[in-house]
Amino acid sequence: MKPITEALLHQAAAAFAFDCATGDIERYGAGHINDTFAVWAADKSKRFILQRINTDTFTDPAGLMENICGVTSYLSRQILARGGDPARETLNVIPTRDGKPYYTDSEGGAWRAYIFVEGTVCLQKVENEQDFYTVAETFGGFQNQLAGYPAATLHETIARFHDTPNRYANFEKALAADVMGRAKDVAAEIAFVRAHEADCHVLVDQLAAGVLPLRVTHNDTKLNNVLIDEATGKGICVIDLDTVMPGLSAYDFGDSIRFGANDCAEDEPDQSKVHFSLHLYEVFTKGYLSAAGSAMTEAERKSLPWGAKLMTLECGIRFLTDYLEGDHYFKISRPDQNLDRARTQFTLVQGMEKEFDAMTRIALQV
């Protein structure tokens, strides 16, 4: 992606149909993929979000924005039908002055704009159980509200994103090439992945067999992708919809468990400090199913523990693959960071396997 000049930034801002004169523009947030700015009204009464889409990552901005416009419009209708406020409870795309969902600048960059949801905060980490429950409830509500959306009509914004068998195949290719000569030092990790090859097929096989329904999935269910109302403490809006795609409910559930149901850093070097928390799993499951449960089949409930295990395994495989290939995908700040990341995921998988029967009971009893 090319650097953003002041001229390019103001050119992009001028392209959108904001409902007032605009003034200052400033960098906003801590995202690593897109370039995000807050655009202030000239009188400072309100602001808007302006983003340059990272087209190195998202190569089809037209398809991506078609997904987002379709899903947010559908959510707005659902929210209105239950007496909610769609201006705060879903993202709202601001069109360009010529009525398009995104703008292409003079250098080929793709830009979009949203209404800014004021009076909200994003959590960067779980401070207490209620935080985790709130996020779970919000993502569960997102799943429930989109249960009737025709998921198969959505574009894949990142191809084969949660195709775990394909992630395994990429690992084997990286291992065979061994371009960095690292395979000899990670025999235990290689053996762990190979011992779990059959697991990689469980969910995709159930989808292919029609056991699990295709759903609209967010695919990046981190804590900081939920806006929480400052006044009530309730989660009100799911954001960062770039990876909204067809998928399985277990993917979104599982990624949150991978991220939040542990007591360690993602790159913890000391594996004795890595523990899967069955208690936090139960907290999240209760929150998620309190909002999503009525729209889920029994087979989907049974798939939730598999989602937790496989999203964690898949992430570990991706870290190990990148380590074997020379750390070109995930950024590192020290040697062996991706290896530590992989080991942490595999330790969490082992913890889940020990608690798998209990995880299943919880998913079916909530």
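See above for the structure.
What comes next concerns the included structure. (Residues numbered from 1 in each chain as written. Predicted model: local features only at pLDDT ≥ 70, side-chain atom pairs only at ≥ 80, totals over all residues. Heavy atoms only, no water.)

### Digging into the sheet that holds strand E9 (residues 226-229)
Two modes of strand pairing occur in sheets, parallel and antiparallel, and in both the strands are linked by backbone hydrogen bonds.
Stage number 1. Read from one edge to the other, the open sheet built from 3 strands follows the order E7-E9-E10, with strand pairing classed as antiparallel. A strand with exactly one partner marks an edge of an open sheet, and here the two such strands are strand E7 (120-121) and strand E10 (235-238).
Stage number 2. One ladder, built from 2 bridges, connects E7 with E9; its direction is antiparallel. From the neighbouring strand, Thr120 faces E9, where its bridge partner is Asp229.
Stage number 3. Running at roughly 50 degrees to E10, helix H4 (residues 129-145) makes contact with E9 and E10 of the sheet. (Pairing = 2+ DSSP bridges. Helix = DSSP H or I, 4+ residues; strand = E, 2+ residues; numbered from the N terminus. Contact = heavy atoms within 4.5 Å. Axes fitted to C-alpha atoms, helices over the stretch in contact; angles between N-to-C directions.)

### Regarding the packing of helix H8 (residues 249-260) against helix H9 (residues 278-292)
Stage number 1. Put simply, H8 and H9 touch, their axes get as near as 10 Å, and they point 145 degrees apart. The handedness of the crossing between H8 and H9 comes out as right-handed. Contacts between H8 and H9 involve Ser249, Phe253, Ser256, Ile257 and Gly260 on the former and, on the latter, Leu280, Tyr281, Phe284, Thr285 and Tyr288.
Stage number 2. Taken together, the residues of the contact of H8 with H9 sort by class into 6 nonpolar, 4 polar and no charged. (Left-handed = near helix turned anticlockwise from the far one by under 90°. Nonpolar A, V, L, I, M, F, W, Y, C, P; charged D, E, K, R; others polar.)

### Thoughts on the packing of aromatic side chains
Stage number 1. Summed over the entire model, instances satisfying the criterion amount to 16 aromatic pairs.
Stage number 2. A centroid spacing of 5.5 Å and a plane angle of 65 degrees characterise the contact between Phe253 and Tyr288, whose relative ring orientation is edge-to-face. Residue Phe253 is located in helix H8, and its partner Tyr288 is located in helix H9; the two are separated by 35 residues in the primary sequence.
Stage number 3. Here Phe253 falls in the buried class, since its relative accessible area comes to 0%.
Stage number 4. Note on Phe284 and Tyr288: the rings are 6.1 Å apart at their centroids and 20 degrees apart in plane angle, and the pair reads as stacked. Here Tyr288 and Phe284 lie together in helix H9, a separation of 4 residues that amounts to about one turn.
Stage number 5. Taken together, the ring pairs connect Phe132, Phe253, Phe276, Tyr281, Phe284 and Tyr288 into an aromatic cluster.
Stage number 6. Lying over the aromatic face of Phe356, Lys309 brings its terminal NZ or CZ to 5.9 Å of the ring centre. (Phe/Tyr/Trp six-rings, centres within 6.5 Å; stacked < 30°, edge-to-face > 60°. Buried < 20%, exposed > 50% of the residue type's maximum accessible area, 1.4 Å probe, protein only. Lys NZ or Arg CZ within 6 Å of the ring centre and 35° of its normal.)

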